[in-house]
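# A look at the structure
Chain by chain, the residues:
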Amino acid sequence: MVVGDISTGTEVLVIGAGPGGYVAAIRAGQLGLDVTLVEKDAYGGVCLNYGCIPSKAMITASDLAYDASHAEDMGIYTKLDVNYGEMVEWKDGVVSQLTGGVEKLCKANGVTLMEGRAEFADDGSVRVVHEGEGQGSETVEFEHAIISTGSRPIEIPGFEFDGEHVLDSRMALAMDDVPESIVIVGAGYIGMELAGVLAKLGSDVTVVEMLDSVLPAYEDDLARPVKKKADELGIDFHFGQAAKEWEESGDGITVRTEDEDGEVSEFGAEKVLVAVGRRPVTDTLDLESAGIETNEMGFIETDDRARTEKDNIYAIGDVAGEPMLAHKASKEGQVAAEVIAGEPSALDYQAMPAAVFTDPEIGTVGLTEDEAEEQGFEPVVGRFPFQASGRALTTGHSDGFVRIIADEPSGFVLGAQIVGPEASELIAELGMAIEMGATLEDLAATIHTHPTLSEAVMECAENALGHAIHTLNR
């Protein structure tokens, strides 16, 4: 039996239950609003189900396996047996626990959950199509709507994702076995994270990249330790190469690339992973019916309160533009909910951190030295190498450094970059420093536990002031 179209209403309609959408829905529920959350796939979105969480689980597992089998310097000798299937089951268990938690939290905060795909009918209603035979659709009228439909991997011509030979990152994280060999197209953060996982689990990894370095969005000295480690893992890099086509050959495939001079190269492998970026999912929403336009990249323009050109419709997360980060989406979701509830809330991106979970990790926040100069500051730079950190040495991971950028006249911390162990965790202290308006003296005067990696932050601030103890001062 086909269910006919029915109509319901809500104060706040949230479209997409990723890290932006479910946070917006929960916050709106906390503020006493009537909230409906529409999701067509899985609660938690791409990040929780297919991206951030499963990739970090596999990174942790592969790091553990690799470190256990390369600990001879510590007097530890192992004969390792990795059961990849069980590793994937563990990863899936982590994801399942978190997705279940999202549903419970939404319901506990009074959020109505609705499964289906939303299309705007006008600027005050959407049609929610329920997937599956005989499921029908319904119209939901809203006072306010929050668009949080996320992003999808970019396909390049000739490399359409098929799940067998040509993979996107989601498919790569769901493989039944580790491929004997793989070509990865793209040396950005997704490509480099997965290259490390697969290489540590025994795959023969080749990376082809159009530009001339790994992690081209980051400063050279941050990317250099990552490239060094990748070389040690046996990852084979080919820069200045654009992927053109592939074909089946023997038991695998052949990937053809071309450089700027038109010279063609061939790389044989079992599979190819395309990781050249992501694009916003805005083409399924029928935004024109709501009177909303996207820019040439498909992003929805918003103001500092996450509002689109329609005052009652908001956009958050990947659909609202770079940086495409889960924690940015969550913050924008909170702000959108608070603005709808009449709270004095607005977005402020000056302390927006970013992290790359490569080996070693990279963490950044705020301004670089060049950006500080461009904005009229007089930057002073502190630096502390992890090779001078007692705690880093005891972990066996001492490549990299902490760098802090501050305004010399005032001492205010403007930015920081970290490459090294636990950079994704350490960057939070620097983000708080920027948010609070802390100075170099504040960081240097804060007593840090010894021996810890976080001491590197204190010593880095002291280095900028000219009186670090455990490294030569500038």
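A few points on the structure. (Residues numbered from 1 in each chain as written. Predicted model: local features only at pLDDT ≥ 70, side-chain atom pairs only at ≥ 80, totals over all residues. Heavy atoms only, no water.)

### Details of the packing of aromatic side chains
- Under the counting rule described, the total for this entry stands at 2 aromatic pairs.
- Between the aromatic rings of Phe237 and Phe239, the centroid separation amounts to 5.7 Å while the plane-to-plane angle is 5°, which identifies the pairing as stacked.
- With relative accessibility at 12%, the residue Phe237 sits in the buried group.
- Exposure remark for Phe239: the relative accessible area of 27% places this residue in the partly exposed category. (Phe/Tyr/Trp six-rings, centres within 6.5 Å; stacked < 30°, edge-to-face > 60°. Buried < 20%, exposed > 50% of the residue type's maximum accessible area, 1.4 Å probe, protein only.)

### Remarks on the environment of Ala28
- Mapped onto the secondary structure, Ala28 falls in helix H1 (residues 21-30).
- Beyond its immediate sequence surroundings of up to four residues, Ala28 is in contact with Leu33, Val35 and Ala337. (Helix = DSSP H or I, 4+ residues; strand = E, 2+ residues; numbered from the N terminus. Contact = heavy atoms within 4.5 Å.)

### Some points on the sheet that holds strand S11 (residues 236-239)
- Strand order in this open sheet of 5 strands is S8-S15-S9-S10-S11, and the pairing throughout is parallel. In this open sheet, the two strands that pair with only one neighbour each are strand S8 (166-167) and S11. (Pairing = 2+ DSSP bridges.)

### Comments concerning the pattern of salt bridges
- Taken as a whole, this structure holds 22 salt bridges when the rule is applied.
- Measuring nitrogen to oxygen at the nearest pair gives 3.1 Å for the salt bridge that ties Arg403 to Glu219. Residue Arg403 is found in strand S21 (residues 401-407), and its partner Glu219 is found in the loop between strand S10 (204-209) and helix H7 (220-232); the two are separated by 184 residues along the sequence.
- What makes Arg403 buried here is its relative accessible area of 8%.
- For Asp231, the salt bridge goes to Lys227, with nearest N and O atoms at 2.9 Å. With Asp231 and Lys227 both in helix H7 and 4 residues apart, this pair spans about one turn of that helix.
- On the basis of relative accessibility, which here comes to 38%, the residue Asp231 falls in the partly exposed class.
- Connected through salt bridges with shared partners, the residues Glu219, Asp221, Arg383 and Arg403 form a single ionic network. (Salt bridge = Lys/Arg side-chain N within 4 Å of Asp/Glu carboxyl O.)

### Some points on the nonpolar core
- Grouped together as the largest cluster of nonpolar side chains are 43 residues, with contacts concentrated most on Met192, Val205, Val207, Leu215, Ile235 and Ile362.
- Elements supplying a minimum of two residues to this core: helix H3 (52-69), helix H4 (84-108), strand S9 (181-185), helix H6 (189-200), S10, H7 and strand S18 (354-356).
- With 7 residues, the single largest contributor to this core is H6.
- With near-sequence residues (within four places) excluded, Ile235 lies in contact with Ala195, Gly196, Ala199, Val205, Val207 and Ala230. (Core = buried A, V, L, I, M, F, W, Y, C linked by side-chain atoms within 4.5 Å.)

### Section: empty space enclosed by the protein
- Inspection of every chain in the model, using the stated rule, returns 2 cavities of 30 Å³ or more.
- For the largest cavity, the calculated volume is near 50 Å³.
- Every residue along the wall of the largest cavity is listed here: Met58, Tyr84, Ala172, Leu173, Leu194, Val197 and Leu198.
- A per-element tally of the lining of the largest cavity places H6 first, with 3 residues.
- Of the residues belonging to the lining of the largest cavity, the class tally is 7 nonpolar, no polar and no charged.
- Approximately 40 Å³ is the volume found for the second largest cavity. (1 Å grid on protein atoms, 1.4 Å probe; cavity = no way out; pocket = protein on both sides within 12 Å on 5 of 7 lines; lining within 4 Å. Points joined across faces, edges and corners; volume = space filled by probe spheres on them. Nonpolar A, V, L, I, M, F, W, Y, C, P; charged D, E, K, R; others polar.)

### Observations concerning the pairing of S11
- In this sheet, S11 lies alongside S10 in parallel orientation, the contact comprising 4 bridges. Opposite Thr206, over in S11, you have Asp236 as the bridge partner.

### Focus: the sheet that holds strand S20 (residues 379-385)
- Reading across from one edge, S18-S19-S22-S21-S20 is the order of the 5 strands in this open sheet, with antiparallel pairing throughout. Single-partner strands in this sheet number two, and they are S18 and S20. Here the average twist between neighbouring strands, direction ignored, is 10°.
- One ladder, built from 7 bridges, connects S20 with S21; its direction is antiparallel. Along S21, the bridge assignment pairs Arg383 with Arg403. (Axes fitted to C-alpha atoms, helices over the stretch in contact; angles between N-to-C directions.)

### Some words on the layout of surface pockets
- Considering only enclosed or pocket space, the second largest pocket measures out at about 670 Å³ in volume.
- Around the second largest pocket, the lining comprises 32 residues; the ones closest to its centre are Ile59, Asp63, Thr358, Asp359 and Glu361.
- Elements with a contribution of two residues or more to the lining of the second largest pocket: H3, H6, H7 and helix H11 (423-436).
- For the lining of the second largest pocket, the leading source of residues is H3, giving 8 residues.
- Partitioning the lining of the second largest pocket into residue classes produces 14 nonpolar, 8 polar and 10 charged.

### Topic: the state of the cysteines
- Here the structure, examined in full by the defined rule, presents 1 disulfide.
- Disulfide pairing is shown between Cys47 and Cys52; the S-S distance is 2.3 Å. Where Cys47 bonds to Cys52 through sulfur, the torsion about that S-S bond is close to -125°, and the disulfide is left-handed.
- Of the residues examined, Cys52 reaches a relative accessible area of 27% and is grouped as partly exposed.
- Cys47 supplies the cysteine sulfur nearest to Cys106, a cysteine that is in no disulfide, at a spacing of 15 Å. (Disulfide = S-S within 2.5 Å.)

### Examining the environment of Met352
- Structurally, Met352 is set in the loop between helix H8 (326-340) and S18.
- In this structure Met352 comes out as buried when scored by relative accessible area, which is 18%.
- Through-space distance from the C-alpha of Met352 to that of Lys331 is 9.9 Å; in sequence the pair is 21 residues apart.

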